Amino acid sequence: MARRPVLEFTDRGIHCPAGGFHVDPWRPVDRAVITHGHADHARSGHARYLATAGSAPILRQRLGDIVLDTLRYGETRQIGDARVSFHPAGHVPGSAQIRVEVAGEVWVVSGDYKLQADGLSEPFEPVRCHAFVTESTFGLPVFRWPDPAQVAQELNGWWRDSIASGRTPVLGAYALGKAQRVLSMLDPGIGPILTHGAIETSTEVLRRQGCRLPQTFAVMPDAQPRPDPGALVIAPPAALGSAWMRRFGPVSTGFASGWMMLRGIRRRRAMDRGFVLSDHADWPGLNLAIGETGAEKIFVTHGYTDIFAQWLRSRGIDADVVTTEYAGDEAQQE
Amino acid sequence: MNRFASLFAALDQSTRTTDKVAALVAYFYEADPEDRLWTVALFSGRRPRRAVTTTELRNWAADAARLPLWLVEESYPVVGDLAETIALILPPPDTRSERSLSEWMAFLQDLSGQPESVRKSAILDAWAQLDTSQRFLFNKLVTGGFRVGVSQKLMTRALAQATGRSEAELAHRLMGDWSPDTTSWEALIEADDAGADASRPYPFCLAYPLEGDPGDLGPPQEWRAEWKWDGIRGQLILREGLHFVWSRGEELMTDRFPELARSVDFLPPGTVIDGEILAWDGGAPLPFAALQRRIGRRNVPKKLLTEAPVILLAYDLLEWQGKDLRALPFSERRGLLDRLLHNLPPEAPVRPSPLVAFQGWQELATLRADARNRRAEGLMLKRAGSPYHAGRRKGDWWKWKLDPHTVDAVMIYAQAGHGRRATLYTDFTFAVWDGDALVPFAKAYSGLTDAEFREITTWVRANTLQRFGPVRQVRPELVFEIAFEGIQQSPRHKSGIALRFPRMLRWRRDKPAAEANRLEDLKRLLDATKS
């Protein structure tokens, strides 16, 4: 009788038959092993959760009162016939790749990951495995991230220029991960940093678990218009262009995302500035990470799956596309 | 290239007109005259000769990036721009170039006509010394398609601020047949204009569509009305015994319409007429389809000259006895035009486009309803006292077109757009029912909001039946109201008809596909317009 694979791809999510658990399932299951706290990976409604200690606070904050067990990176937990451990994915603080070993065969689910060090997330750690389940959000050769130091310079330069031209810079960034990464790149010497409530919540959670971030001031819903002429504002993308933004008077809008690499998308967003900053691996990163796993089988999930899998096959790597319901926090479906 | 690249970055990063103008003004102050001249040429749509084909460029880029060609091809629709795709996939540069814009242009011009190996190594060498944003511009210059969100009007405004000359004067100077090889900054912008090129046209005065009620325009006696013809807007220039014909798109069309050569026999030099070039059956315009056969043909075969002869129906007199009349009131210019043309024999290729006499707006509305029977698209309203403006200006000229025809059609194919619409499905093929089958009859890509395109894009991804390269065949479910200006018989189309200016008027979310229009409905419309 043929042995069942270590992981199966089902309509509820990635399933481990030997351990009876799912990884980042999108429909309610008994036991969910979670890579990180973004909404498309950590959903509500599961009976039990297992995650890293580093992502526990954000999971509790987002999902409320859940039954949650945690592991440190590298720590092993036996679940049924499977040995499970978490390894840094470098995506956001606390994010993990999940290593599953059954009878000596090792599979790794990457979740979302990046190789670039951001100074906040635990740096990505390559894990040797037989099969690797990789994201491909930016799986095209046009995506090659610029040096973050250069992006930091652009961000701070934009902040200064905006002040000089009498505008408040308002930067769109996802609440968990990207916003804090931007924070860590800003020069607080330029002026105060104001945050939208949704961003302040995530920032506060990460601060409490030890992320060192500059001081921020939450914008209260009833705040006075034009609070400070030298301030920079960070808000979730959805708040840009909304009534919420009007209180700041004349603004210069910016957006931080890997998609800002593409001029067409930048222009469609109709932002004044686009900053190329992503928490996902770029093209060289994806290829490097896959090479380092030594995996003989690659499963490609969310992103440019078809093209990326074809590319891997053209390089002699056995690769298949897996359909999932992950969108990626930088999903471009807007 | 650095100064030009930073100008481009400033223009590209800004969504505000004032910021764009300021960036251009600063550039016109700082840059070298040669670079300024090339910038003006590029931003006014003057393309350098193409030394390299896009196919060559793709192949060489794939080589340089060590990627298979198919992967470059797959990346292109995501980026939506070939120049940018190539700029992004190439490995980072190893040196930096100090070449200026005009030096790069000379570099490219030298490549023209060289064997492939020489051109390839030159391009690869250039890529290796340009950063991503410079490469993007370089590739744009190579491929010749340079549209960067700066209208000629905007550039002219900046040029006016930088040089202290009026916008109208500069707009006029920039018209016509020049390139950086045939002129200099000094000659084009600064020199005394006495020796201006005999062929130089005036900037066309353009009208906005009238959205509201003409009653809001004030007393009807202050206005003149004329038919709005569906031909090619053109300027006929008679100077120094020669004649020139320009299109509104600043294309010299003299050779395409040899009929107009005879105008020198009937009209004196020093005359410039604004009018509409139409295929003409002796007493009335032929349908646009007849003229269409003439467009794009530099050498016109005899047979076509007899089947679709053209004339110029004159709207306005811009120059008379060598004097620029544009500041005069329309009614005066028009009076001179009529005097000039009224005694011409029937074989003259220029005739006045008749004014439409009317007493009140209600009467004019009734006349407008008859426009299609006269082969016109509607009416033009011109303020009797208006000068001939340079470019599009609100207030004095209005086009009052007939409401378009409409048909409800089913979307059957979708394709992603380009540029800012890359990754969005925006180009659709529509079908109507013929029995139980859907027959494609029109393509359209405009008329919906970005939000609607996003929603449809998500729908297309989830409802694709088949893929043919970049085209997706989708479930025939979505119905759109398609507006169009005209309908013609067309043996080249499966449906047997071709529409003029089809666009999406709205998304009919309320209509199931089964209730879309039928081919018979369109055929009936075709018969009605023929009679």
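All values reported here derive from a predicted model rather than from experimental measurement. (Residues numbered from 1 in each chain as written. Chains lettered and ligands numbered in written order. Predicted model: local features only at pLDDT ≥ 70, side-chain atom pairs only at ≥ 80, totals over all residues. Heavy atoms only, no water.)

Novice: Summarise the overall build of chain B; cite the residues concerned and give the values.
Specialist: Scanning chain B from terminus to terminus reveals 19 helices and 21 strands. Expected size for 531 residues packed as a compact globule is a radius of gyration near 24 Å; at 26 Å, chain B falls within 12% of this value. Principal axes of the C-alpha set define a box for chain B whose edges measure 70 × 70 × 50 Å. Counting over 531 residues, chain B shows a buried share of 52%. Across chain B, the fraction of contacts at a sequence separation of at least 24, relative to all contacts at a separation of at least 6, is 70%. (Helix = DSSP H or I, 4+ residues; strand = E, 2+ residues; numbered from the N terminus. Rg over C-alpha atoms; globule rule 2.2 N^0.38 Å. Buried < 20%, exposed > 50% of the residue type's maximum accessible area, 1.4 Å probe, protein only. Contact = heavy atoms within 4.5 Å.)

Novice: Tell me what's going on with unusual backbone geometry, and back it up with residues and numbers.
Specialist: Look at Ala103(A): it is not a glycine, yet its phi comes out positive at around 50 degrees. On the secondary structure map, Ala103(A) appears in the loop between β9 (96-102) and β10 (105-109). Take Ala103(A): its relative accessible area is 69%, and that puts it in the exposed class. With a phi angle near 55 degrees, Arg66(B) is a residue other than glycine that sits in the positive phi range.

Novice: Lay out the domain arrangement of chain A with the relevant residues and their values.
Specialist: Residues and elements named next belong to chain A. With domains assigned, chain A is organised as domain 1 (8-142 + 280-321) and domain 2 (148-275). Once you take the C-alpha centre of each, domain 1 and domain 2 turn out to be 29 Å apart. Residue-level contacts link 17 residues of domain 1 with 19 residues of domain 2. Contact with domain 2 buries area across many residues of domain 1, yet Ile58, Leu120 and Phe138 alone supply 34% of it, more than any other trio. Taken together, the connections running from domain 1 to domain 2 amount to zero salt bridges. Viewed at the interface, domain 2 and domain 1 are joined by three residue pairs in polar contact (both at pLDDT 80 or more). (Domains from an automatic or database assignment. Buried area = accessible area lost by both parts, 1.4 Å probe. Salt bridge = Lys/Arg side-chain N within 4 Å of Asp/Glu carboxyl O. Polar contact = N/O pair within 3.5 Å; in protein donor to acceptor, adjacent residues only side chain to side chain.)

Novice: Can you break down the sheet that holds strand β16 (residues 251-256) of chain A residue by residue, with the values?
Specialist: Residues and elements named next belong to chain A. Taken in spatial order, the six strands of this open sheet run β14-β13-β15-β12-β16-β17, and their pairing is parallel. With one partner strand each, in any of the chains shown, β14 (217-218) and β17 (273-275) form the two edges of the open sheet. Where strand β12 (residues 168-172) lies against β16, five bridges are found, and the strand directions are parallel. The partner of valine 170 across the bridge, within β16, is threonine 253. Across the sheet, helix α4 (residues 197-208) is in contact with β13 (193-195), β14 and β15 (232-235); its angle to β13 comes to roughly 105 degrees. (Pairing = 2+ DSSP bridges. Axes fitted to C-alpha atoms, helices over the stretch in contact; angles between N-to-C directions.)

Novice: Requested: an account of the nonpolar core, with residues and values cited.
Specialist: Counting 118 residues, the largest nonpolar core has Phe143(A), Phe4(B), Phe28(B), Phe43(B), Ile123(B) and Phe138(B) as the members making the most contacts within it. Not counting residues within four places of it along the chain, the set of residues in contact with Phe138(B) comprises Met1(B), Trp104(B), Phe107(B), Leu108(B), Ile123(B), Ala126(B), Trp127(B) and Leu130(B). Core analysis: the next-biggest nonpolar cluster, separate from the first, contains 32 residues, Leu448(B), Val460(B), Phe480(B) and Leu519(B) among them. (Core = buried A, V, L, I, M, F, W, Y, C linked by side-chain atoms within 4.5 Å.)

Novice: Report on the pattern of salt bridges, specifying residues and quantitative values.
Specialist: Residues and elements named next belong to chain A. Tallied over the entire structure, the rule returns 51 salt bridges over all chains. The salt bridge involving lysine 297 is made with aspartate 320; its shortest N-O contact spans 2.6 Å. Taken together, the residues lysine 297 in strand β18 (residues 297-303) and aspartate 320 in strand β19 (residues 318-321) connect sequence positions 23 residues apart. Judged by its relative accessible area of 17%, lysine 297 falls in the buried class. If you follow the salt bridges from partner to partner, you end up with Lys114, Asp118, Arg181 and Asp279 in one network.

Novice: Lay out the packing of helix α3 (residues 33-43) of chain B against helix α7 (residues 101-111) of chain B in plain terms, naming residues and giving numbers.
Specialist: Residue and element names in this part refer to chain B. At a minimum axis separation of 7 Å, α3 and α7 run at an interaxial angle of 65 degrees. By the angle between their axes, α3 is roughly perpendicular relative to α7. Of α7, the residues touching α3 (which contributes Glu34, Asp35, Trp38, Thr39 and Leu42) are Leu101, Ser102, Met105 and Gln109. Tallied by class, the residues present in the contact of α3 with α7 amount to four nonpolar, three polar and two charged. (Parallel < 35°, antiparallel > 145°, perpendicular 65-115°, else oblique. Nonpolar A, V, L, I, M, F, W, Y, C, P; charged D, E, K, R; others polar.)

Novice: Requested: an account of the side chain of Arg263(A), with residues and values cited.
Specialist: Along the chain, Arg263(A) turns up in helix α5 (residues 263-269). At a separation of 3.0 Å, a polar atom in the side chain of Arg263(A) contacts the side chain of Asp12(B).

Novice: Explain the UniProt feature "domain: ATP-dependent DNA ligase family profile" (unreviewed entry) in chain B residue by residue, including any values.
Specialist: As annotated in UniProt, the feature "domain: ATP-dependent DNA ligase family profile" (unreviewed entry) corresponds to residues 303-434 of chain B in the numbering used here. Summarising residues 303-434 of chain B: 20% helix, 40% strand, and an end-to-end C-alpha distance of 36 Å. (UniProt positions renumbered as here; feature names shortened; annotations may be inferred.)

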